[in-house]
Amino acid sequence: MALSAAIEAALVARNLRNMQVARDALAPGYYLRAAQMLRDIRGPVIIGTGFPVNGTFETDGPVGAIALYDALEKLGAEPWLACGPPLSQCLLDDYRLIELRARSMEAAAVEATNRLEQLQPSAVISIERPGLSADGCYYNMRGEDISSRSAIFDPYITAAECPTIAIGDGGNEIGMGNIRAAIASLDINVAETGCDELLVADVSNWGAYGLIALLGLWRQRDLLAEVFPLEILHYLSAHGSVDGVTRENTLTEDGLDAAEGQQVIDELRILTGFLQSGINQ
């Protein structure tokens with residue numbers, strides 16, 4: 001619990017979008033509880049990601065999803081990425097992929113039910129996926145209605161019969177329904193969709209690193225040393241990604257240089273004892 005609390009504090013230390021408010025609304029130990037859902041997991045795990053920005057997709061979400069996909073695969077699970085185009089076309093040749101094609105909630109519910117029945121996942125995870133607001137629409141951080149450009153992943157979370165985890169960094173993402181009342185005062189269209197365990201971070205990608213830190217500790221394997229955010233950013237950028245804040249095709253996430261994400265990884269490796277403080281690798 002002490003380690004989980006330290007991870008939870010570290011991942012909202014910068015408080016870029018008031019996620020310290022969200023952390024205070026959650027029962028302490030949420031990273032531990034979520035990681036325990038994935039400990040020794042086998043079989044399919046669905047990881048939904050992809051936030052639309054200006055006709056393409058942002059870097060926050062896919063970086064963490066790919067890192068978690070790789071970590072779970074190394075631990076013996078069968079991860080699947082779930083997203084809509086154009087991100088799905090970017091990932092199609094390199095990862096197990098579920099393309100989110102439905103354009104209405106009714107069709108999405110059918111699609112999710114069929115896929116869940118087919119794969120029988122051991123867990124379903126959402127990383128920086130737009131969550132439905134009270135009016136049934138999707139909104140970005142600027143309050144713009146992005147429903148027409150958003151693939152629909154909510155039913156994969158709400159209809160799943162396995163543990164569900166969601167990671168967000170602002171309040172408009174899947175999972176934030178768990179603490180809707182507590183974050184209602186934030187300048188955001190709060191999502192209604194909840195989950196079993198909500199994780200918050202200053203950048204959603206970093207939430208995936210928090211999970212990987214605990215999973216690696218239990219296996220006594222420094223999994224975070226095998227995560228290279230800059231390499232993933234290069235991969236996504238070559239396929240047309242943009243920074244969600246600047247909306248430009250840069251090797252950044254939410255306006256932050258890739259080195260910031262690497263620093264978070266190093267902080268987590270120090271907390272888990274895999275890296276000594278003050279030593280760079």
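Above this text is the structure in question.
> Any details on unusual backbone geometry? Residues and values, ideally.
Here the bond from Pro85 into Pro86 is cis, since omega is 5°, no more than 30 degrees from zero. Positioned with a positive phi, Asn18 is a non-glycine residue whose angle comes to about 65°. Inspection of the secondary structure assignment puts Asn18 in the loop between α1 (2-10) and α2 (19-25). Looking at Asn18, the relative accessible area reads 39%, which means it is partly exposed. With phi around 50°, Asn54 is a residue other than glycine that occupies positive phi space. Topologically, Asn54 is positioned in the loop between β2 (52-53) and β3 (56-57).

> So what's going on with helix α10 (residues 258-271)? Which residues, and what values?
Taking 1.5 Å as the rise per residue, α10 with 14 residues should run 20 Å; its terminal C-alpha atoms sit 20 Å apart, in good agreement. Turning to α10, its buried residues are Ala258, Gly261, Val264, Ile265, Asp266, Leu268 and Arg269. Between the side-chain oxygen of the N-cap and the backbone nitrogen of Ala259 there are 2.9 Å, and the N-cap of α10 in question is Asp257. Looking one or two places after α10, you find Gly273, whose phi comes out positive at around 85°.

> Please set out the pairing of strand β6 (residues 123-127) residue by residue, giving values where relevant.
Burial analysis of β6 places five of its five residues in the buried class, which makes it a mostly covered element. What you see with β6 is no split at all: Ala123, Ile125 and Ile127 on one side and Val124 and Ser126 on the other are buried throughout.

> Just give me the short version of helix α4 (residues 62-74), but keep the residues and values in it.
For α4, with 13 residues, the first-to-last C-alpha span of 18 Å sits near the 18 Å given by 1.5 Å per residue. By the criterion of burial, α4 is predominantly enclosed, with ten of the 13 residues buried. Among all positions in α4, only Pro62, Val63, Gly64, Ala65, Ile66, Ala67, Leu68, Tyr69, Ala71 and Leu72 are buried. Of the residues trailing α4, Gly76 is marked for its positive phi of about 105°.

> Lay out the side chain of Asp169 with the relevant residues and their values.
On the secondary structure map, Asp169 appears in the loop between β7 (164-168) and β8 (197-200). Classification of Asp169 as buried rests on a relative accessible area of 0%. Within the structure, Asp169 has its side chain in polar contact with the backbone nitrogen of Ser204 (distance 3.2 Å). Excluding residues within four positions of it along the chain, Asp169 makes contact with Arg17, Met19, Asp60, Glu128, Met176, Ala201, Asp202, Val203, Ser204 and Asp254.

The rules behind the values
Chains are numbered independently. Their residues run from 1 in the order of the written sequence. Thresholds applied to this predicted model are a pLDDT of at least 70 for local features of residues and 80 or more for the giving and counting of side-chain atom pairs; totals over whole chains, interfaces and linings are not thresholded and use all residues. By convention in this description, side-chain values take in all heavy atoms of the structure and omit both hydrogens and water. Helix and strand labels come from DSSP, where a helix needs a run of H or I of at least four residues and a strand needs a run of E of at least two; each type is numbered from the N terminus. Only protein chains enter the accessibility calculation, which uses a 1.4 Å probe; a residue is then buried when its area is under 20% of its type maximum, exposed when over 50%, and partly exposed in between. Helix span, expected: 1.5 Å multiplied by one less than the number of residues in the helix. Any pair of nitrogen or oxygen atoms within 3.5 Å is treated as a polar contact; in protein, a donor-acceptor pairing is required on top of that, and neighbouring residues in sequence qualify only through side-chain atoms on both sides. Any two residues whose heavy atoms approach within 4.5 Å at even a single point are treated as in contact.

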